[in-house]
Amino acid sequence: MTPNPAVLVAGLRTDAESGGALEGWVRRLGFETRFTTNAHEARSWLGQEDYAASFVDCDLGLGEGEAVWRTLRPAVARRTVLLARDRRRDLWFEALRTGVATVLPLPLHESMVLAAIEAVTGRPGAGPRTHTY
């Protein structure tokens, strides 16, 4: 199955912590973006569609009892970039042990996002770009 040429951003608001910038960086690579700050919606979307990559806030869902990233299927986790405010080693090691592709500290920087998308998609340049000659 070919992943949806979209990137899901779950948990970050577009007006804070580089969420708006993240959308721009992802779109410049040629991907569509889908945003949600709702844990239930994020779980539903992650269970129904295969995104090219997903950026998930590590705290999303904690208010309801369990973090969204801890409930991901292995195939989805491999395309997930976990976003963390805390630089706790135990969180980073747990996330990587459970199959999350990588962990990025907040606030985000464009070079980090581009490298993460390239790593998750396995393609340099990362986007489903069309070339004009």
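In what follows, the structure referred to is the one given above.
Participant: I tried to follow the overall build of the chain on my own but got confused; where do I start?
Facilitator: Counting its secondary structure elements, the chain contains five helices and five strands. For the chain, the sequential pattern of α-helices and β-strands runs β-α-β-α-β-α-β-α-β-α. Across the 133 residues in the chain, those meeting the buried criterion constitute 43%. Considering only contacts within the chain whose residues lie at least 6 apart along the sequence, 59% involve residues at least 24 apart. Surface exposure of the chain reaches about 7100 Å², of which carbon and sulfur atoms provide 50%.

Participant: Can you walk me through the pattern of salt bridges in this structure?
Facilitator: When charged atoms on two side chains of opposite charge get close, those side chains can pair. Per the stated rule, a full pass over the model turns up 10 salt bridges. Between aspartate 50 and arginine 79 there is a salt bridge, and its shortest N-O distance comes to 3.2 Å. Taken as a pair, aspartate 50 in the loop between helix 2 (39–48) and strand 3 (51–57) and arginine 79 in the loop between helix 3 (74–77) and strand 4 (80–84) lie far apart in primary sequence, 29 residues in all. When its relative accessible area of 17% is taken as the criterion, aspartate 50 is described as buried. Salt bridges sharing common partners tie together Asp50, Arg73 and Arg79.

Participant: Help me out: how do you make sense of the nonpolar core in this one?
Facilitator: For soluble globular proteins, the rule of thumb is that nonpolar side chains tend to be buried together. With 23 residues, the main nonpolar core has Leu46, Val68, Trp69 and Leu82 as its most contacted residues. If you list the elements that add at least two residues to this core, you get strand 1 (4–10), helix 2, strand 3, helix 3, strand 4 and helix 4 (89–97). Element by element, the count of residues in this core is highest for helix 2, at four residues. Beyond its immediate chain neighbours, meaning those up to four positions away, valine 68 contacts Ala39, Ala42, Arg43, Leu46, Val56, Leu60 and Gly61. If you look at the next biggest cluster of nonpolar residues, it comprises 20 residues, including Leu22, Leu29, Ala53 and Leu83.

Participant: Would you take a moment to explain helix 5 (residues 110–121) for this structure?
Facilitator: An α-helical turn contains 3.6 residues, so any two residues separated by three or four positions project in the same direction. A rise of 1.5 Å per residue sets the reference length of helix 5, with its 12 residues, at 16 Å; its end C-alpha atoms lie 16 Å apart and thus fit the reference within 8%. Looking only at helix 5, the buried set comprises Val113, Ala116, Ile117 and Val120. One face of helix 5 carries all of its buried residues, which in axial projection span an arc of 100 degrees. Helix 5 presents Ser111 and Ala119 as exposed residues on the side facing more than 90 degrees away from its buried surface.

Participant: Can you help me understand the packing of aromatic side chains in this one?
Facilitator: Aromatic ring pairs: the centre-centre distance and the angle between the two ring planes describe each pair. According to the stated counting rule, one finds zero aromatic pairs in the structure shown. Taking the ring centre of tryptophan 45 as reference, the NZ or CZ of arginine 34 above it sits at 3.7 Å.

Participant: Can you help me understand unusual backbone geometry in this one?
Facilitator: Most peptide bonds take the trans form, and the phi angle of most residues other than glycine is negative. In this model, leucine 106 is joined to proline 107 through a cis peptide bond whose omega is 0 degrees. Mapped onto the elements, proline 107 comes out in the loop between strand 5 (102–105) and helix 5.

Participant: Sorry if this is basic, but what is going on with the side chain of threonine 36 here?
Facilitator: Tracing the chain through its elements places threonine 36 in strand 2 (residues 32–36). Note on threonine 36: relative accessible area 4%, which makes it buried. Once residues within four sequence positions are removed from consideration, threonine 36 is found in contact with Leu8, Val9, Ala10, Gly11, Glu41, Ala42 and Trp45.

About the cut-offs
Residues numbered from 1 in each chain as written. Predicted model: local features only at pLDDT ≥ 70, side-chain atom pairs only at ≥ 80, totals over all residues. Heavy atoms only, no water. Helix = DSSP H or I, 4+ residues; strand = E, 2+ residues; numbered from the N terminus. Buried < 20%, exposed > 50% of the residue type's maximum accessible area, 1.4 Å probe, protein only. Contact = heavy atoms within 4.5 Å. Areas by Shrake-Rupley, 256 points an atom, 1.4 Å probe, with all protein chains shown as cover. Salt bridge = Lys/Arg side-chain N within 4 Å of Asp/Glu carboxyl O. Core = buried A, V, L, I, M, F, W, Y, C linked by side-chain atoms within 4.5 Å. Expected span 1.5 Å × (residues − 1). Arc of directions from axis to C-beta. Phe/Tyr/Trp six-rings, centres within 6.5 Å; stacked < 30°, edge-to-face > 60°. Lys NZ or Arg CZ within 6 Å of the ring centre and 35° of its normal.

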